[in-house]
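# Architecture at a glance
So the chains spell out like this:
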Amino acid sequence: MGSLYQYFAYKLNWRRTHLQSLYLISYRPFSFNKLIAHPSLFTSHINKCLTSSPSSTKIHCIHKLLTGNNGEPVQLLSWVSLSYVWLSWLLILPAADAAVKKYQFDVQVRNVSRLCHAKPIVTVNGMFPGPTIYAREGDRVIINVTNHAQYNMSIHWHGIKQFRNGWADGPAYITQCPIQTGSAYTYDFNVTGQRGTLWWHAHILWLRATVYGALVIMPKPGTPFPFLSREWWNNDIEALVKQGNSRGLPPNMSDAHTINGKPGPLFPCSEKHTFAMEVESGKTYLLRIINAALNDELFFAIAGHDMTVVEIDAVYTKPFTTQALLIAPGQTTNVLVQANQAPSRYFMAARPFMDAPLPVDKQMATGILQYKGVPNTVLPSLPQLPASNDTAFALSYNKKLRSLNTPQFPVNVPLKVDRNLFYTIGLGRNPCLTCVNGTRLTGSLNNISFVMPNIGLLQAHYSKIKGVFRTDFPDRPSTPFNYTSAPLTANLGTSQGTRLSKLAFNSTVELVLQDTNLLTVESHPFHLHGYNFFVVGSGIGNFDPAKDPANYNLIDPPERNTVGVPTGGWTAIRFRADNPGVWFMHCHLELHTGWGLKMAFVVEDGEGPDQSVLPPPKDLPPC
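Report on the accompanying structure. (Residues numbered from 1 in each chain as written. Predicted model: local features only at pLDDT ≥ 70, side-chain atom pairs only at ≥ 80, totals over all residues. Heavy atoms only, no water.)

## Some points on the overall build of the protein
The helix and strand tally for the protein stands at eight helices and 32 strands. Across the protein, contacts joining residues at least 24 apart in sequence account for 78% of those joining residues at least 6 apart. Here the protein displays about 23800 Å² of accessible surface, and carbon together with sulfur accounts for 53% of that area. (Helix = DSSP H or I, 4+ residues; strand = E, 2+ residues; numbered from the N terminus. Contact = heavy atoms within 4.5 Å. Areas by Shrake-Rupley, 256 points an atom, 1.4 Å probe, with all protein chains shown as cover.)

In structure tokens, the structure reads:
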């Protein structure tokens, strides 16, 4: 028989948010085990197959090697595409022609019941979580979004580079004005040079609490089945956020966390809202995990089962095995899990990681990994997750992440830097007459709280509209200080403005993101739209420009689109500014983004014919 594809996207609902989606694929266990145990012998047989011609003969030879005479070559190719981490010869197999994938997204309100409460939520196509987008590398994807809800809407395709095509990126008032109630907009983009696990979500207000889904880019065609979910508030989250903003304080924390939209049996009224995933002994499963949390980094583990990390943010990594993983909001992680334990039921669990002096919900969201044939009456065992403040595990885990850096998947990290940037991450307080204690909490980069415009920044840049933004965002803070000393609680006011940083086309950039103890230190996941970047260094304390660069990893640094800045520490990233347009960069904690912890880059056009921003689409939403 050919390989069986099953797609499971899980989600965790948390005080601040959670694990998002697990993508699972099962296939013949003996082939995988043989591959791991005897890779050189296995590869030599594959190479013999590859000396034959034509391509159909190559495929049949490999198929017969792996599965005997059963199954069909197309199904085999679907199986083979999963093994890219270990076998470079797979790239020689012929790929399917690029296709056009079309989707219709109807944004609509639906009543959902959880935790003994029912409420209306905003959804796509009435689904919670929303539908999964499937594409292959090289495909064109066309998604028509029609807004039937009472809120304005925009959708971001998180991790898609959108080369020259910021019009399809999605953040409201950055690359477009939102889709108004009763209106529609078509996102039209190409998937170029990317494959793996990404995701999509609303990019306006806090609507991504319920409007989100997975975006799976296959190197070969497959037939997966989607399941997704997210955190849960019993009350209307937008009403809670509005109330919090009026008081200058954070909104209430969520009431539960969910896996695949289901909190699990540790929460009230949730026995029927528990996700269970059936596995077969001896088989190996690929799980695609997305943390679509609003505000929490998460630990995730499966009782009794190790996980082998093979991909992050749709970029292949050097495989390593771990009992638990750490994933920040906006990040994705692919892992392999072997069903090699005694047949039983095992909890999958997640809970927040928080090593700052801030309150956090320590309850675990749970799902069940259940071996085939085991009755539901068997009580699952719980995994041993790291302590919620286990800094040592977090730092150790992130140090293990390294890119493949092979001839097929090279690491093109810039070795020469044209522009050095240093941004401090801070919290603060600004005056507010209607707020509690007369102040409002703020977030800032280089002490600047970003003010959202009333028109899309990309439209203003492309059409040369004056007065919308300035391009004087400072390369470094105006007043250096001891960033990570004792908490600073005085002089916490921030300046405000729509200030962008201009980058020359094709220039190389190093950006150091430095956490500070303004009010408190805290870990911050930062997402850069329109680009991947290389995480060349990270540390605790103040960044030392004279010493720390000597310890950079310029050989196989992890490549990401979202990176966590450690609590009381710093992270250095590098990228080449070769994608013209206006690109948002922000903390992916929704709370901090709303407080102004964000900015944007203006990447200038180049001189070549394919080095300038494409013209805007005719149906670009009006402001």
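## Some remarks on unusual backbone geometry
Cis peptide bonds are those with omega within 30 degrees of zero, and the linkage from phenylalanine 128 to proline 129 qualifies with -5 degrees. In this fold, proline 129 is placed in the loop between strand E4 (117-124) and strand E5 (133-136). Look at asparagine 437: it is not a glycine, yet its phi comes out positive at around 60 degrees. Note that asparagine 437 resides in the loop between strand E20 (419-431) and strand E21 (439-445). The exposure class of asparagine 437 is exposed, given its relative accessible area of 75%. A positive phi angle is found at leucine 519, which is not glycine, with a value near 75 degrees. Of note, leucine 519 is situated in the loop between strand E25 (507-515) and strand E26 (524-528). (Buried < 20%, exposed > 50% of the residue type's maximum accessible area, 1.4 Å probe, protein only.)

## Considering the sheet that holds E26
Read across the sheet, five strands follow the order E24-E32-E31-E26-E29 without closing on themselves; strand pairing throughout is mixed. Because the sheet does not close on itself, it has two edges, and the strands there are strand E24 (501-503) and strand E29 (562-565). Across the sheet, the mean angle separating the axes of adjacent strands is 25 degrees when strand polarity is ignored. Pairing of strand E31 (residues 581-587) with strand E32 (residues 598-603) involves six bridges; the strand directions are antiparallel. For tryptophan 583, the partnering residue across the bridge sits in E32 and is phenylalanine 601. (Pairing = 2+ DSSP bridges. Axes fitted to C-alpha atoms, helices over the stretch in contact; angles between N-to-C directions.)

## Some points on the nonpolar core
Where a protein is soluble and globular, its nonpolar side chains tend to be buried together. Grouped together as the largest cluster of nonpolar side chains are 47 residues, with contacts concentrated most on Phe105, Trp157 and Leu457. Excluding residues that lie within four positions of it along the chain, tryptophan 157 makes contacts with Phe105, Ile133, Ile143, Gln162, Ala168, Asp169, Tyr187, Phe189, Trp199, Trp200 and Leu215. One finds Phe320, Ile327, Met364 and Leu385 within the second-largest nonpolar core, a separate group that totals 38 residues. (Core = buried A, V, L, I, M, F, W, Y, C linked by side-chain atoms within 4.5 Å.)

## So, the pairing of strand E13 (residues 297-302)
Across a regular strand the side chains alternate sides, sitting on one face of the sheet and then on the other. Burial analysis of E13 places six of its six residues in the buried class, the great majority of the element. Sheet topology places E13 next to strand E16 (residues 325-327); three bridges connect them, and they run antiparallel. Looking at E16, one finds that leucine 298 is bridged to isoleucine 327.

## Brief notes about the sheet that holds strand E6 (residues 140-147)
With mixed pairing, the four strands of this open sheet are ordered in space as E4-E3-E6-E8. Edge positions in the open sheet fall to E4 and strand E8 (184-190), since each of these has one partner strand only. Here the average twist between neighbouring strands, direction ignored, is 20 degrees. Judged from the seven bridges that link them, E6 and E8 form a sheet pairing that is antiparallel. Paired with threonine 146 across the strands is alanine 184, a residue of E8.

## A few points about the pattern of salt bridges
Scanning all chains against the criterion turns up 14 salt bridges. The partner of arginine 560 in a salt bridge is aspartate 313, and the shortest N-O contact between them spans 3.1 Å. Taken together, the positions of arginine 560 in strand E28 (residues 559-560) and aspartate 313 in the loop between strand E14 (307-312) and strand E15 (315-322) put the pair 247 residues apart, joining distant regions of the chain. For the pair arginine 560 and aspartate 313, a shared accessibility class is recorded, and that class is buried. Aspartate 475 is the salt-bridge partner of arginine 419, the closest N and O atoms lying 3.0 Å from each other. Note that arginine 419 is positioned in strand E20 and aspartate 475 in the loop between helix H7 (457-462) and strand E23 (495-497), a separation of 56 residues in sequence. Three or more residues joined by partner-sharing salt bridges are found here, namely Lys318, Arg402 and Asp556. (Salt bridge = Lys/Arg side-chain N within 4 Å of Asp/Glu carboxyl O.)

## A closer look at the state of the cysteines
Taken as a whole, this structure holds two disulfides when the rule is applied. Here cysteine 177 engages in a disulfide with cysteine 623; their sulfurs sit 1.6 Å apart. Classification of the bridge connecting cysteine 177 and cysteine 623 rests on its S-S torsion, roughly 65 degrees, and on that basis the disulfide is right-handed. Within this pair, whereas cysteine 177 is found in the loop between strand E7 (155-158) and E8, its partner cysteine 623 is found in the segment after E32, the two being separated by 446 residues in sequence. Using a relative accessible area of 1% as the deciding quantity, one classes cysteine 177 as buried. (Disulfide = S-S within 2.5 Å.)

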